[in-house]
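Understanding the architecture of this molecule
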There are 2 protein chains.
Amino acid sequence: MKIELAENYGFCFGVKRAIKIAEENRQSATYGPLIHNAKEIERLQKDFQVALTENLDDFKAGDTAVIRTHGIPKQELETLYARDVHVVDATCPYVTKPQQICEEMSEQGYDIVIFGDEAHPEIRGVKSYATEGAYVVMSVKELEQIRFKEKIAVVAQTTRKVDEFLKIVNYLIPHYKEVRVFNTICNATFENQDAVRDLSKRADVMIIIGGKNSSNTKQLHSIAQAYCPDSYHIEGPDDIDDAWFEGKAYCGISAGASTPDWIIEQVIARIKTGSKSA
Amino acid sequence: MKIELAENYGFCFGVKRAIKIAEENRQSATYGPLIHNAKEIERLQKDFQVALTENLDDFKAGDTAVIRTHGIPKQELETLYARDVHVVDATCPYVTKPQQICEEMSEQGYDIVIFGDEAHPEIRGVKSYATEGAYVVMSVKELEQIRFKEKIAVVAQTTRKVDEFLKIVNYLIPHYKEVRVFNTICNATFENQDAVRDLSKRADVMIIIGGKNSSNTKQLHSIAQAYCPDSYHIEGPDDIDDAWFEGKAYCGISAGASTPDWIIEQVIARIKTGSKSA
C-alpha cells in the first residue's frame, strides 16, 4: 500500500523551526511557552533540558534564553541583552515581519493599526515595536472610535482570517489618504486544509492525526471525509485498526497544527507494520 | 423669501480653479479642452481669447499653453518646456497627486495599479508618470491576468466610485505582501449630493440647475424631490415659473457639475426679481 503525507500537515514552518532551535540549545530556558503544545514542551524539557519560565528575572548573565515563536516585547528583549543573557531567537519569521513593519512605519510617521487580540503574546510583542500611535483592534467598531492622522500602516496577527482583515482595511481606505496594507497573515492553517483536500481526492483511505478536541484536526477530518469516505481521525498509533487498510492501495495522512512529527512517524510505522503483517 | 445655495454645488474646486487660471491668461491656448463643458470653453474663447488646440505642434516658443484640468502626459509637458513655451498648469491638484504618487512609487520599485479608464486623458497623464510597471485596470478580471512583484501601489481615477476601488484592493491584498493604497478619489460629486440632501430637508422649494440630459443634475433633482416635493429641474433663468414661489419662504438652489456659476447667478437674479414683482 502506498502511504503519502499531505503536502502540508501538522506543525507549521515556524513551530518546526523553533523546536529545532530549542533542541540545539540544551540547558537553556524559554521565556514563556515556546509553542502552544504542552506535550512537546514536556519532551523538550525531558530530552533536551530546555526549561520554561514565565519570569524574566530568572535569566542571569551567561544563561541561554530561547525566545518563543510568538516573540516577546522589544523592551524585554533589550533587558535580556543588557543583562548579558545569551539570547537565541526562535521567533517565527512571520512574526518578526510585523514587528519590523511596526518599527519602520512608526519611525516614518505612520499611525499603526494592528488587527488582532491585544492579550495575545504575539500582538503584545508586535505592538511593542511601534514607537507611538499603534492601535490594536479586533473590529471596525473599535476603529470608528479612533482619529488617525493621514497615513496609516496596517498589519494583522498571523493567525487571523483574511476576510476579517479586509473589513478593517475597507473601513480605513475611504476615510484616509494613504492606507499601507501589509498582509502578515500566515496561510499555514489554510495550506493544511488545501493539502488534505487535494490528497483525499486521490487516496482510498485517509488517516488524520490530532487531539480529539483539536478544532483544526476535526476540520481536516471533515474535509477528508467529503472526498474520501474512509477517513479516520486518530490521536496516535494505538487507535489504528488494521481492518481499515484491507483492500486499500493508497493511504493519505495529515495531522493537525498541534501534532508533533514524532507522533506522525509512530503512526506511519504502525501502518507499515500492520500492512506488512496483513 | 430666503434664497440659499447648497454648501457644495456646480463646478468642483478643480474646474473653478482652472477657469480662473484661463481667465488670467488671455491670448493663450489650452492643449485639449480645459474642462468637459463646451459652453464654458466657448465663453473663454470669446471673452478671454483662450483658444483650444488638440495639436501639440501648434505651440511655439513664447506661446502660452494652459494645461487642462485632467493633466497631460509627462513627456508632452516636457516637450512644451523644451520648446520654451510658457506653460500655465491648470491641472487639478487632485490629479497632480496620483501623478506624483505614480512617479515616486515606481522610483521606489513598486508595481503600480491604476484603477480607471485607459482612454481617459486623466489616466493617460497619470500613467505617464510611472517609469515602469504601471497597469491600468477597470476590473478584477483584468488584474487576474497580471503577475506583480511583491509590492504594489494602487491609485484611482479621481471620479471612480470607492466601492469599485475596494474590489480592486480586496483582490490584491490576499495575494501580495504589501499593497499601498492611495485613495485618490475626489468626493466632489458625492459632496454635491450630500449638500442637496441637506438643503432640501430645510427648504420648501428647490431649484436644481443643469442640462436636461445631465446625469448628475438629474440625480441631484431626484434627491431633492425625496425631501422637498416642490423641486424643479431647470436649464436656466428662462425656465422659471413665478408660481413655484407663491407662499414659499425658503428657496434652496443647487447645480450640476457642468453648470457654470454665471448661469447660477442669472437664475438667482431671476428668482429675486420674480419674488419682488410678485
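The rules behind these values
Residues numbered from 1 in each chain as written. Chains lettered and ligands numbered in written order. Predicted model: local features only at pLDDT ≥ 70, side-chain atom pairs only at ≥ 80, totals over all residues. Heavy atoms only, no water. Buried < 20%, exposed > 50% of the residue type's maximum accessible area, 1.4 Å probe, protein only. Helix = DSSP H or I, 4+ residues; strand = E, 2+ residues; numbered from the N terminus. Arc of directions from axis to C-beta. Domains from an automatic or database assignment. Contact = heavy atoms within 4.5 Å. Buried area = accessible area lost by both parts, 1.4 Å probe. Salt bridge = Lys/Arg side-chain N within 4 Å of Asp/Glu carboxyl O. Polar contact = N/O pair within 3.5 Å; in protein donor to acceptor, adjacent residues only side chain to side chain. Least-squares fit on C-alpha atoms with pLDDT ≥ 70 in both. Pairing = 2+ DSSP bridges. Right-handed = clockwise from strand over helix to strand, strands pointing away. Axes fitted to C-alpha atoms, helices over the stretch in contact; angles between N-to-C directions. Parallel < 35°, antiparallel > 145°, perpendicular 65-115°, else oblique. Left-handed = near helix turned anticlockwise from the far one by under 90°. Nonpolar A, V, L, I, M, F, W, Y, C, P; charged D, E, K, R; others polar. UniProt positions renumbered as here; feature names shortened; annotations may be inferred.

Residues and elements named next belong to chain A. Regarding helix 2 (residues 38-48), the residues found buried are E40, I41, R43, L44 and F48. Projected onto a plane normal to the axis of helix 2, the buried residues spread over an arc of 155 degrees and lie on a single side. Relative to its buried face, helix 2 has exposed residues pointing more than 90 degrees away, namely A38, K39, E42 and K46. Where helix 2 ends, the next residue or the one after it, Q49, has phi of about 55 degrees, a positive value.

So, on to the domain arrangement of chain A. The accessible area lost on association of the parts is a frequent measure of interface size. All names here are of chain A. In terms of domains, chain A is made up of domain 1 (2-8 + 188-277), domain 2 (13-91) and domain 3 (94-181). In this structure, domain 1 and domain 2 have C-alpha centres spaced 31 Å apart. Each side of the interface is counted separately: domain 1 has four residues, and domain 2 has four residues. Buried area between domain 1 and domain 2, summed over both chains or domains, comes out near 380 Å², and the portion from carbon and sulfur atoms is 56%. Sorting the residues of domain 1 by area buried against domain 2 places S258, P260 and W262 first, and these three jointly supply 72% of that buried surface. Across the domain 1-domain 2 interface, the total number found is zero salt bridges. In this structure, the connection of domain 1 to domain 2 is made through one residue pair in polar contact (both at pLDDT 80 or more).

A few words now on the relation of the copies chain A and chain B. Once turned by 180 degrees and shifted 0.0 Å along the axis, chain A lies on chain B with an RMSD of 0.1 Å. Accordingly, the operation relating the two chain copies is best matched by a two-fold axis. When C-alpha positions in chain A are compared against the rotation axis, the closest is assigned to R180 of chain A, at 2.1 Å. In this assembly the copies share their binding face: 100% of the residues contributing to the interface of chain A also contribute to that of chain B.

Both faces of the sheet carry side chains from a regular strand, because those side chains alternate between them. Residues and elements named next belong to chain A. By the alternation rule, side chains of strand 4 (residues 64-67) split into T64 and V66 and A65 and I67, which are all buried. Direction of pairing for strand 2 (residues 29-31) relative to strand 4: parallel, over a ladder of three bridges. Looking across to strand 4, one finds that T30 is bridged to V66. Bridge count for strand 4 against strand 5 (residues 86-89) is four bridges, and the pairing is parallel. Residue pairing for strand 5: A65 is matched across the bridge by V87. This β-α-β element, strand 4 to helix 3 (residues 74-82) to strand 5, shows right-handed connectivity.

All names here are of chain A. As a packed pair, helix 4 (residues 93-107) and helix 5 (residues 121-128) sit with axes 7 Å apart at the nearest point and diverge in direction by 30 degrees. As summarised for this structure, helix 4 and helix 5 are arranged roughly parallel, according to the angle between their axes. Crossing hand, helix 4 versus helix 5: right-handed. On helix 5, the residues that touch V95, P98, Q99 and C102 of helix 4 are E122, G125 and V126. Considered class by class, the residues forming the contact of helix 4 with helix 5 number four nonpolar, two polar and one charged.

We now examine the sheet that holds strand 9 (residues 178-182) of chain A. One open sheet accounts for eight strands, arranged 7(A)-6(A)-8(A)-9(A)-9(B)-8(B)-6(B)-7(B); its pairing is mixed. Either end of the sheet is taken by a strand with one partner, and the two such strands are strand 7 (134-137) of chain A together with strand 7 (134-137) of chain B. With direction set aside, neighbouring strand axes in the sheet form an average angle of 20 degrees. Across five bridges, the pairing between strand 6 (residues 111-115) of chain B and strand 8 (residues 151-156) of chain B is parallel. Bridging across to strand 8 of chain B, I112 of chain B finds its partner in A153 of chain B. Against the sheet, helix 7 (residues 162-175) of chain B contacts strand 9 of chain A together with strand 6, strand 7, strand 8 and strand 9 (178-182) of chain B, and its axis sits at roughly 175 degrees relative to strand 8 of chain B.

What follows covers the pattern of salt bridges. Residue and element names in this part refer to chain B. A complete count under the given rule lists 32 salt bridges over all chains for this structure. Note that K20 is salt-bridged to E24, the shortest N-O span being 3.2 Å. The pair K20 / E24 is uniform in exposure class, with both members exposed. As a salt-bridge pair, K248 and D230 come within 2.6 Å of each other at their nearest N and O atoms. Here D230 lies in the loop between helix 9 (215-227) and strand 11 (231-234) and K248 lies in the loop between strand 11 and strand 12 (250-255), a separation of 18 residues in the sequence.

Moving on, we get to unusual backbone geometry. Trans is the common state for peptide bonds, and a negative phi is the common state for residues other than glycine. All names here are of chain B. Phi is positive for Q27, which is not a glycine, with a value near 60 degrees. In this structure, Q27 sits in the loop between helix 1 (13-23) and strand 2 (29-31). Classification of Q27 as exposed rests on a relative accessible area of 63%. The phi angle at Q49 is positive, at roughly 55 degrees, despite the residue not being glycine.

Residues and elements named next belong to chain A. According to UniProt, the feature "active site" (unreviewed entry) maps to E122 in the numbering used here. Summarising the element assignment, E122 is placed in helix 5. Overall, E122 belongs to the buried group, its relative accessible area being 3%. Contacts of E122, omitting those with residues within four sequence positions, involve H70, V95, Q157 and T158.

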